[in-house]
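# Commentary on secondary and tertiary structure
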Amino acid sequence: MYDVIVVGLGGMGSAAAYHLARRGQRVLGLEQFTPAHDRGSSHGRSRVIRKAYFEDPAYVPLVLRAYELWREAEQATGTDLLLITGALMIGAPDSEVVAGSLRSAKEWNLDHDFLDAADLRRRFPVFAPTPDTVALYEAQAGVVRPEAAVAAHLTLAAEAGADLRFEEPIVAWEADSSGEGVTVPTGRGAERAARLVICPGAWAPELLAGLGVPFMVERQLQFWFQPSGDPDAFLPDRYPVWVWDGGGDGQPYSLPAIDGFDGGVKAAWFRHGRPCTPDTIDRRVTADEVGEMAEMLRTRVPLLPGRFLRAVACMYTNTPDQHFVVALHPAHPQVAVACGFSGHGFKFAPVIGEILADLAITGTTAHPIGLFDPRRFAIS
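Here we summarise the structure given alongside this text. All of these numbers come straight from a predicted model, not from anything done at the bench. The numbers attached to residues start from 1 for each chain and follow its sequence in the written order. Thresholds applied to this predicted model are a pLDDT of at least 70 for local features of residues and 80 or more for the giving and counting of side-chain atom pairs; totals over whole chains, interfaces and linings are not thresholded and use all residues. Just so you know, side-chain values use all the structure's heavy atoms and leave hydrogens and water out.

Axis angles are defined between N-to-C directions and span 0 to 180 degrees, where every axis is a line fitted to C-alpha atoms and, for a helix, only to the segment in contact. Labels follow the DSSP assignment, with helices taken as runs of H or I lasting at least four residues and strands as runs of E lasting at least two, numbered in each case from the N terminus. For the pair helix α2 (residues 60-77) and helix α8 (residues 349-362), the least separation of the axes is 7 Å and the interaxial angle reads 100°. Taken together, α2 and α8 sit at an angle that is classed as roughly perpendicular. For the pair formed by α2 and α8, the contact residues are Leu62, Arg65, Ala66, Leu69 and Trp70 on the first element and Ala349, Pro350, Val351, Glu354 and Ile355 on the second. Across the contact of α2 with α8, the residue classes tally to 8 nonpolar, no polar and 2 charged. Under this scheme an angle from 65 to 115 degrees is roughly perpendicular, one under 35 degrees roughly parallel, and one over 145 degrees roughly antiparallel; angles in between are oblique. Should any heavy atoms of two residues lie within 4.5 Å, those residues are considered in contact. Residue polarity follows a fixed list, in which Ala, Val, Leu, Ile, Met, Phe, Trp, Tyr, Cys and Pro are nonpolar, Asp, Glu, Lys and Arg are charged, and the others, Gly among them, are polar.

This is the structure:
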């Protein structure tokens, strides 16, 4: 019998398998797709990482630990996972993105610069802000490479002794009423372990139906464009990550050409998709969708969109308050869950893995995760 079974080996599950195995646990990891696949939420070549967290200052100590763990994973595997580019949080002074980022920066004494529209144009001339636009610049923000990160954690987990199986779907699990064991049926038979960690991504509504969280899975699109004008202006040393709060127009964001000019500049909307399920998601991208993104870019960065290169679909799994769910299952203390990352979770993957290892082994963690208790949705 295994000590822990980890269901789902994407961003969070791969990290959990690694942190459990490195602590001497006998780990079985189960994944329905191939390693570092593109069917869920952990693909697209880049994800934003930032410290001045506009969603809530409670995330800051977790993301600071994530920076440390990303660097440890880089050193252990010899791969480049974290690229520092700087980031701009742009919008009206009272917008969620700007005001929330400033709140976290001040509460945690994070290095940052506050820019008015003239400052923004002078330091980053590719932008075209309106006169009332301001920005918070964070020099230590940047980009994490998701596929490489998942692959790195899987490599480290296997090297630490984890048994990792792929293309083995899981549709059910059962926790012993004693609170001391679990059974997970697979195509090979029923696997047993003392503990279970579930990192289901967009499959949370099915695998965690009894959790009491009203998840909403959303189709999201990621676009790449090749800019017109000076190609060097969009490389990571000159074009920072940015999130632009447009109020009622949403929160588009963009990342630099981390794979060179021919690789393109990435752009997307933050929570601007439509409801779907993993079975019904339409992975085709229409001309109208490309046009909408191109128009958004044109009004903010005149040298974009340039030439459209490609687009891919992924999924967000949202909670009603857009905060995570990371906890022991309220009904089953031998089961730890991590889900509902609401489009802003990947940067936290290594620290979530560390937390899940804590919960599975000791039932508690020193990390601050009170904000992520699923029981908050049962209180009305």
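Tracing the backbone through its elements, the reader meets Ser42 in the loop between β2 (27-30) and β3 (47-49). Summary of the burial criterion: residues with accessible area below 20% of their type's maximum are buried, those above 50% are exposed, and those between are partly exposed, where the area comes from a 1.4 Å probe applied to protein chains only. Judged by its relative accessible area of 16%, Ser42 is buried. Nitrogen and oxygen atoms within 3.5 Å of one another constitute a polar contact, given that in protein one can donate a hydrogen and the other can accept it, and given that sequence-neighbouring residues count only through two side-chain atoms. Among the polar contacts listed, one links the side chain of Ser42 to the backbone nitrogen of Gly11, at a separation of 3.2 Å. Residues contacting Ser42, with those up to four places away along its chain left out, are Gly10, Gly11, His37, Arg47, Pro146, Glu147, Val150 and Phe346.

With that settled, the discussion passes to the pairing of strand β5 (residues 87-91). Burial within β5 is extensive, with 5 of its 5 residues counted as buried. The alternating pattern of β5 places Ala87, Met89 and Gly91 and Leu88 and Ile90 on opposite faces, both of which are buried. Relative to strand β14 (residues 241-244), β5 is paired through 4 bridges, and the arrangement is parallel. Within β14, the residue paired with Leu88 across the bridge is Trp242. Paired strands, as defined in this entry, are two strands with at least two bridges between them according to DSSP.

Let us now look at the sheet that holds β3. Ordered in space as β3-β8-β4, the 3 strands form an open sheet in which the pairing is antiparallel. The sheet terminates laterally at β3 and β4 (82-84), the two strands that pair on one side only. Across the sheet, the axes of successive neighbouring strands diverge by a mean angle of 30°, strand direction being ignored. In this sheet, strand β8 (residues 142-144) lies alongside β4 in antiparallel orientation, the contact comprising 3 bridges. Its bridge partner being in β8, Leu83 is matched across the sheet by Val143. The strands that α2 touches are β3, β4 and β8; relative to β4, the one it contacts most, it runs at about 115°.

The next thing to look at is the environment of Gly246. Note that Gly246 resides in the loop between β14 and β15 (251-255). On the basis of relative accessibility, which here comes to 23%, the residue Gly246 falls in the partly exposed class. Separated by 27 residues in the primary sequence, Gly246 and Arg219 have C-alpha atoms spaced 20 Å apart.

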